[in-house]
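Coordinate inspection notes
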Amino acid sequence: MITLFITLIFLILNCSVLSAETDNTCYSSHKKPTDVLLVFGGTKAAPEAFMNIFFSMPGIKIDTLRQPKANDALLSDSVKKYEAIVFYDMNQTITESQKKSFIRLTEKGTGLVFLHHSLVSYQEWDEFKNIIGGKYYEKK
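Here we summarise the structure given alongside this text.

Conventions adopted
- Residues numbered from 1 in each chain as written.
- Predicted model: local features only at pLDDT ≥ 70, side-chain atom pairs only at ≥ 80, totals over all residues.
- Heavy atoms only, no water.
- Phe/Tyr/Trp six-rings, centres within 6.5 Å; stacked < 30°, edge-to-face > 60°.
- Helix = DSSP H or I, 4+ residues; strand = E, 2+ residues; numbered from the N terminus.
- Buried < 20%, exposed > 50% of the residue type's maximum accessible area, 1.4 Å probe, protein only.

Bringing the packing of aromatic side chains into the picture now. All chains considered together, the criterion is met by 12 aromatic pairs. Pairing phenylalanine 87 with phenylalanine 102 gives two aromatic rings, centres 5.5 Å apart and planes at 25 degrees, and the pair type is stacked. Separated by 15 residues along the polypeptide, phenylalanine 87 in strand S3 (residues 84-89) and phenylalanine 102 in helix H4 (residues 96-108) bring together distant segments of the chain. We classify phenylalanine 87 as buried; its relative accessible area is 2%. Residue classification places phenylalanine 102 among the buried positions, given a relative accessible area of 0%. The interplanar angle of 90 degrees and the centroid separation of 5.6 Å between the aromatic rings of phenylalanine 114 and phenylalanine 128 together place this pair among those described as edge-to-face. Of this pair, phenylalanine 114 sits in strand S4 (residues 111-114) while phenylalanine 128 sits in helix H5 (residues 126-132), and the two are 14 residues apart along the sequence. Each residue in the set Phe87, Phe102, Phe114, Tyr122, Trp125 and Phe128 is aromatic and connected to the rest through ring pairs, giving one cluster.

Below you can see the structure in the form of C-alpha cells.
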C-alpha cells in the first residue's frame with residue numbers, strides 16, 4: 001500500500017513539472033530534475049527505507065532536512081528552489097515567523113505533500129489543519 005502511495009506521489013510530482021517545449025503531455029524525464037525537499041523527524045520511526053523510495057525515483061532530486069532545522073529553512077530563501085516539499089514529520093514547535101513562511105509557501109504555489117504522522121503536527125496551530133486539510137486530535 002505504501003509503495004502504491006509513493007508511486008502516485010511520484011507521478012504527481014513528475015507530471016506537474018512540464019517543460020516549455022511540451023504540448024502539455026506528461027513525460028517521465030525532464031531536462032532538469034524536479035527539486036523536492038523531504039522533511040522528516042519528530043518520531044522514533046527510522047525513515048531510511050521510506051527515504052530510499054524517493055532517492056530511487058528518476059527525474060527527481062531529493063534533499064532532506066530533519067526537524068527542527070526544516071522549519072528554520074522555511075525562513076530562508078533556500079526553499080525557493082523546491083517545486084514540492086514532502087512532510088514525513090511530526091513536529092509541534094513552530095514560531096510565528098515560521099508560520100508566516102509556511103503560509104507564504106502556500107501562496108507561492110509550492111507543492112506541499114503531508115504524509116502519515118505529519119497529520120499530528122502543530123496541534124496548537126489552528127491554521128495548519130486548513131493548510132493540510134485535516135487534523136489528528138491527540139488525547140490530552
